[in-house]
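So you can see what is in the structure, the chains are spelled out below.
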Amino acid sequence: MKVFAHSPLYNLIMRKAACVLNAYKVLPGLENFYLRMKEELLSLGYELEAHRNKEILTYLGRERRVTSLAKENAFVLYLDKDHYVSHGLEKAGFRLFDTASSIEICDDKAKTYLALEGTGIRIPKTITGPLTYSEAIQEDFPQRVVEELGLPLVAKLSYGSMGNSVFLLNTLQEVIGFERENRYMLRLYQEWIRKEHGIDYRLIVIGGRCVAAMRRENPHDFRSNLAQGGQGIAIEPEPAFVEVAEKAAKAIGLDYCGVDLLRAEDGGPILCEVNSNAFLQGIEKATSVNVALIYARHIAESL
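Fair warning: this is a prediction, and the values are worked out from it, not measured in the lab. (Residues numbered from 1 in each chain as written. Predicted model: local features only at pLDDT ≥ 70, side-chain atom pairs only at ≥ 80, totals over all residues. Heavy atoms only, no water.)

Q: Tell me about the pairing of strand β2 (residues 46–52), residues and numbers included.
A: The pairing of strand β1 (residues 15–21) with β2 spans seven bridges and is classified as parallel. Following the sheet pairing, Lys-16 is matched in β2 by Glu-47. Considered for its hand, the β-α-β crossover made up of β1, helix α2 (residues 28–42) and β2 is right-handed. (Pairing = 2+ DSSP bridges. Helix = DSSP H or I, 4+ residues; strand = E, 2+ residues; numbered from the N terminus. Right-handed = clockwise from strand over helix to strand, strands pointing away.)

Q: So what's going on with the pattern of salt bridges? Which residues, and what values?
A: Counting across every chain of the model gives 19 salt bridges. Residue Arg-95 is joined to Asp-255 by a salt bridge in which the shortest nitrogen-to-oxygen separation is 3.2 Å. A residue pair is termed long-range when its members are at least 10 positions apart, and Arg-95 in the loop between α3 (83–91) and β4 (96–97) and Asp-255 in the loop between α8 (239–252) and β12 (256–263) qualify at 160 residues. Here Asp-255 falls in the buried class, since its relative accessible area comes to 9%. With a shortest N-O distance of 2.6 Å, Glu-238 and Arg-263 are connected by a salt bridge. Of the two residues, Glu-238 sits in the loop between β11 (231–234) and α8 while Arg-263 sits in strand β12, which places them 25 residues apart along the sequence. Glu-238 sits in the partly exposed class, given a relative accessible area of 34%. Accessibility expressed as a relative area gives 13% for Arg-263, which makes it buried. The network of salt bridges with shared partners includes Arg-36, Glu-39, Glu-40 and Glu-284. (Salt bridge = Lys/Arg side-chain N within 4 Å of Asp/Glu carboxyl O. Buried < 20%, exposed > 50% of the residue type's maximum accessible area, 1.4 Å probe, protein only.)

Q: Summarise the sheet that holds β2; cite the residues concerned and give the values.
A: Taken in spatial order, the four strands make up an open sheet running β2-β1-β3-β4, and their pairing is parallel. Every interior strand has two partners, whereas the edge strands, β2 and β4, have only one. When β1 meets strand β3 (residues 76–78), the two strands line up parallel, connected through three bridges. Each residue of the ladder has a partner; that of Ala-18, found in β3, is Val-76. Across the face of the sheet, α3 comes into contact with β1, β3 and β4 while running at roughly 160° to β3. (Contact = heavy atoms within 4.5 Å. Axes fitted to C-alpha atoms, helices over the stretch in contact; angles between N-to-C directions.)

Q: Describe the packing of α2 against helix α10 (residues 291–302), and please don't skip the residues or the numbers.
A: Interaxial distance between α2 and α10 falls to 9 Å at its minimum, and their mutual angle equals 60°. Classified by the angle their axes make, α2 and α10 are oblique. Crossing of α2 over α10 shows right-handed handedness. Contacts between α2 and α10 pair Phe-33, Arg-36, Met-37, Glu-40 and Leu-41 from the former with Ala-292, Leu-293, Tyr-295, Ala-296 and Ile-299 from the latter. (Parallel < 35°, antiparallel > 145°, perpendicular 65-115°, else oblique. Left-handed = near helix turned anticlockwise from the far one by under 90°.)

Q: Please provide a residue-by-residue account of the sheet that holds β11, values included.
A: Pairing within the open sheet is antiparallel, and its five strands lie in the order β11-β10-β9-β12-β13. Both edges of this open sheet fall to β11 and β13 (269–275), since each of them pairs with a single strand only. This sheet shows a mean twist of 30° between the axes of neighbouring strands, independent of strand direction. In the sheet, strand β9 (residues 199–206) pairs with β12 via six bridges, with the strands oriented antiparallel.

Q: For the packing of aromatic side chains, give the residues involved together with the corresponding values.
A: Scanning the model with the defined rule gives nine aromatic pairs in all. Judged by centre distance (4.6 Å) and plane angle (20°), the ring pair of Tyr-256 and Tyr-295 falls under stacked. Within this pair, whereas Tyr-256 is found in strand β12, its partner Tyr-295 is found in helix α10, the two being separated by 39 residues in sequence. Among the residues examined, Tyr-256 registers a relative accessible area of 0% and is labelled buried. Residue classification places Tyr-295 among the buried residues on the basis of a relative accessible area of 1%. Every member of this aromatic cluster is reached through a ring pair, and the members are Phe-141, Phe-167, Phe-178 and Tyr-189. If you follow Lys-71 out to its NZ or CZ, it ends over the ring of Phe-94, 4.8 Å from the centre. Here the basic side chain of Arg-95 rests over the ring of Phe-97, its NZ or CZ set 3.9 Å away from the ring centre. (Phe/Tyr/Trp six-rings, centres within 6.5 Å; stacked < 30°, edge-to-face > 60°. Lys NZ or Arg CZ within 6 Å of the ring centre and 35° of its normal.)

In structure tokens form, the structure reads like this:
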């Protein structure tokens, strides 16, 4: 039975849910994510309402945790990276999709790799940049990085998305320059996986199961992200790639994620990144899979 908003039964049948977005900058991909989830959740009996992180006051250090978000919300679709608010909401008893801890792990690339240690998942050889308080840098560190990883190498800020803050450095002087410019930022250096230049594989995992996959190709850049000009092509992923993506999602505890994989020299998968709020628009367009509906059903079944 379809119940319209003006029907007397509407308020009795529909359950409220909250979606948390950033107060100051909402990327178009996240706006689309919210609208698609709002559409599909409505068909399952949930009315998803957007809230900005600045609206939600979470009170810390109290014996009885309280928050300004209404308790009647059945769950929270968390599309921001404000870790204080996400953890505060969980302490107040809300079920978050994804969980606060899993979002926090994915938000920091180095934490992602640490969380996957011991799982058997291959990652690029990675070195983190040292915590720095001084304007000076120690040039012996960039030299050691180059000796360990070779050239060219990939430099990344630990926080960033859509391929931003990711650089291919070709010389020692470029590594020194990156270290000097970003010495106060959390950062890391990685070996360059050169098997397929400008190509990676995005697998969407929901509830522990891979539901859609595409190959991303960018002939003009080593970064294959759609935001950097890459193109998405639907694929039937190889079993080894599916196994790694599902294992990564389980290890981090994600309800929903996009796992980005590269092809190693031996042809097997090597994990690049795990994205807790991977955008829907590109994968749905490339594959024609209704990812939003699958995620909405997973949320409803989880509750």
